[in-house]
Amino acid sequence: MDNADYIESALRLANARTDDLESLRAELRDEPWWSSRLTGRDLELLRDVATRLRRALESATEGETDSLSTEVNSLLRDYPPRPSLSRHGHGHDPGWHIHVADPEQPPSTEIAAAAAWGMAQGIVLHGTDRWGRCQAPNCGSYFLDTSTGRNKRFCSTRCANRVHVAAFRERRRG
Ligand SMILES: [Zn+2]
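Residues numbered from 1 in each chain as written. Predicted model: local features only at pLDDT ≥ 70, side-chain atom pairs only at ≥ 80, totals over all residues.

In the nomenclature of an unreviewed UniProt entry, the protein is known as Zinc finger CGNR domain-containing protein of Actinopolyspora mortivallis.

A. Just the nonpolar core, in detail. Of all hydrophobic cores here, the largest spans 42 residues; its most connected members are Ala10, Leu13, Leu53, Ala115, Ala116 and Met119. Tallying contributions element by element places helix α6 (residues 107-126) first for this core, with 10 residues. Domain assignment of the residues forming this core places at least three in each of domain 1 (3-126) and domain 2 (130-174). Residues in contact with Met119, not counting those within four places in the same chain, are Ala10, Leu53, Ala56, Val72 and Leu75. (Core = buried A, V, L, I, M, F, W, Y, C linked by C-beta atoms within 7 Å. Buried ≥ 20, exposed ≤ 12 C-beta atoms within 10 Å, placed from the backbone. Helix = DSSP H or I, 4+ residues; strand = E, 2+ residues; numbered from the N terminus. Domains from an automatic or database assignment. Contact = placed C-beta atoms within 7 Å.)

B. Expanded view of the packing of helix α4 (residues 40-61) against α6. Where α4 contacts α6, the two axes come as close as 9 Å, and the packing angle between them is 10°. In terms of orientation, α4 and α6 fall into the roughly parallel class. Listed contacts from α6 to Asp42, Leu45, Leu46, Val49, Leu53 and Ala56 of α4 are Pro107, Ser108, Ile111, Ala112, Ala115 and Met119. Of the residues that constitute the contact of α4 with α6, the class distribution is 10 nonpolar, one polar and one charged. (Axes fitted to C-alpha atoms, helices over the stretch in contact; angles between N-to-C directions. Parallel < 35°, antiparallel > 145°, perpendicular 65-115°, else oblique. Nonpolar A, V, L, I, M, F, W, Y, C, P; charged D, E, K, R; others polar.)

C. A look at the environment of Trp117. Within the secondary structure, Trp117 is located in helix α6. Once the C-alpha coordinates of Trp117 and Ser9 are considered, the two residues, 108 residues apart in sequence, prove to be 9.2 Å apart. Discounting residues that sit within four places of it in the chain, Trp117 has contacts with Tyr6, Pro81 and Val100.

In structure tokens:
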């Protein structure tokens, strides 16, 4: 993974549904090495990490940089990245890759470390004023706005379309 992927990991976990194991597995389906090994204990831990990530993101969107750095540093302290180089494929590409935590540990250790690292990298690379929250009703997902116009309002095209279709119907009803 490169730094963009770690930022993605942080956002994905912050926005993930953590009601039960099945929901969390579905959210992490692109990382089978993580999702296939999740247990109830991982779920509990990641639910807490997700809450803390959302607090950090809330601070970023509010421009509260002190509480933002406090929150991110506390995540880095609790889930420190411990990178190791690995060449064992997990059933797919046998190529080189980096684990940000001991791969023998439960997957939540590495997922949390990747998210903490991604959050810190996101701030270093993009600053604190490009984080936003989706304005679509019933969404509220956090996102990083990397557009040149800095005018992103929705987390995804799905949410943008949902709002635009609703507005269009509203106008037609007139
Ligand atoms: Zn959304």
